Structure formats: structure tokens, C-alpha cells
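Listed here are the chains, written in short residue letters.
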Amino acid sequence: SDLMNPRGMGRAFVNSLIVTIPSTIMPIFVALFAAYAFAWLDFKGRYAIFAILVGLQVVPLQMTLVPILRMFAGMGLNGTFLGVWLFHTGFGLPYAIYLLRNSMSALPKDLFESAYLDGATHWQVFKQIVLPLTMPAIASLAIFQFLWVWNDLLVSLIFLGGNKPVMTYQISNMVTSMGAGWHLLTAAAFLSMMLPMIVFFALQKYFVRGMMAGAVKG
């Protein structure tokens, strides 16, 4: 009761779910379509655009906080969950597209040629062939994105602050300046670890297969 009520950990847990679930689904949803286009659609500048996306992975997150904060302030997104979702989606997309594109490129070309000859559209091929075969890579990516967003403190601190605190923010404020509150910190850390562990163990059978599928073929 001391953990869930006075310190507001119950509300922080809900806020963490509100931040993490859309921030995991949105980049994967966008990356699936982009990865399919890079892997199996022929358009001008495909390799150049993909190379730029891969290069964006080296851009430090901290380097963009100030300009994006100013942009969000002009759009009225500071202090909103939407702003955090968009930020995590933008920074999650380069790696998501890279991993899923490599996984889709490793699929047998004959499957696609046979489907196209039978009159299947790109949407039918994507839905009935690509999605089931890339599920290990999708699950692997979901684990990484979920853990990254759930454990994030900096982005939530900058864009949400104490108005809509998440678990990491509340935990960081548990111990007072006088050193009291360590018993609450331990219990809060256990609560914060439970959900990521459940997600990981639920999807672990896909983890190694997904990483191998996305890393072997360049």
C-alpha cells in the first residue's frame, strides 16, 4: 500500500503502458510496409534511400532533443503522449526497417514469383506470405522496442515530465536526498522488471530466429 498509493506507482505503471504499447506497435507497423517496399518493389533510388536509413541509426538521440522539443512546442505536443509516441517511432524506424527488410529479402524469390503469376496483388502477398514468414523477426523487434521504451527515462522526462510520470521517473524520485526510501525503491524496481520479463519469456522462442534472419543477409 505504501508503494502503490503515496508514491503514485499505480498511475505511473499505467502511464508506462500508455507510452510503451503504441511506441512499440507504431514503428513496427510502418516498418513492415517500408521493409516490403525496399525488399521486393523496384523503384528509383531504393538502395540510396535504404543506405540513408541505415546511416540514421548512428544519430545520437540526445542530439535531437532540443530541436524536436522546439518543434513539438510549436505544434502543441509537449506534455502529450502523442509527442512521445512520435519521438520513439521516429528513432525506432531505422533499425526496424533494417531488420525487417533483411528478413524479407532472405525469403525465397520463387514464392513471390508464383504468387504474382497466380494474380496475387502486393497486399495479398504481403498479408498471406510475408507476414507469417517474418513473424520471428517481428517478435524479436517487438522485444527490443518494448524494452527500450519501457526502460527509457530521458525522453519521458523531457516530453512528459512530472505531469504524466512513468515508472522510471517515479523510481528515480523514490530515494530522498537524505537516503531514505530504499525499501520502496527495491519494490518499485521489482514491479518495473515484471512486465519486460513476461514479454521476453513469452516471445523468447522467436528471439534467436528473428535476430539471425535480420543479421545474416545484408
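This text goes with the structure placed above it.
Residues numbered from 1 in each chain as written. Predicted model: local features only at pLDDT ≥ 70, side-chain atom pairs only at ≥ 80, totals over all residues. Heavy atoms only, no water.

What follows is about the nonpolar core. One finds Y36, I97, L100 and M104 to be the most contacted residues of the largest nonpolar core, which totals 28 residues. At the level of secondary structure, the elements contributing two or more residues to this core comprise α1 (9-40), α2 (46-55), α4 (81-105), α5 (109-117), α6 (122-133) and α7 (135-150). If you tally residues by element for this core, the top one is α1, at 9 residues. Ignoring any residue separated from it by four or fewer positions in sequence, one finds I97 in contact with A31, A34, A35, F38, F50 and L53. (Core = buried A, V, L, I, M, F, W, Y, C linked by side-chain atoms within 4.5 Å. Buried < 20%, exposed > 50% of the residue type's maximum accessible area, 1.4 Å probe, protein only. Helix = DSSP H or I, 4+ residues; strand = E, 2+ residues; numbered from the N terminus. Contact = heavy atoms within 4.5 Å.)

Following the sequence through the fold, S16 ends up in helix α1. The exposure class of S16 is buried, given its relative accessible area of 3%. Looking at S16, its side chain comes within polar contact range of the main-chain nitrogen of M167, at 2.8 Å. Filtering out sequence-adjacent residues up to four positions away, S16 remains in contact with W150, V166 and M167. (Polar contact = N/O pair within 3.5 Å; in protein donor to acceptor, adjacent residues only side chain to side chain.)

This part is about a nonpolar patch on the surface. A surface patch of nonpolar side chains, amounting to about 600 Å² of accessible area, comprises I21, I25, F29, V30, F33 and W123. Here the nonpolar patch gets 5 residues from one element, more than from any other, and that element is α1. (Patch = residues over 30% accessible without salt bridge, like charges linked within 9 Å, V, L, I, M, F, W, Y side chains within 5 Å. Areas by Shrake-Rupley, 256 points an atom, 1.4 Å probe, with all protein chains shown as cover. Salt bridge = Lys/Arg side-chain N within 4 Å of Asp/Glu carboxyl O.)

Taking 1.5 Å per residue as the helical rise, α7 with its 16 residues ought to reach 22 Å, and the 22 Å between its terminal C-alpha atoms agrees with that figure. Where burial is concerned, most of α7 is hidden: 12 out of the 16 residues are buried. Regarding α7, the residues found buried are P136, A137, I138, A139, S140, L141, A142, I143, Q145, F146, V149 and W150. (Expected span 1.5 Å × (residues − 1).)

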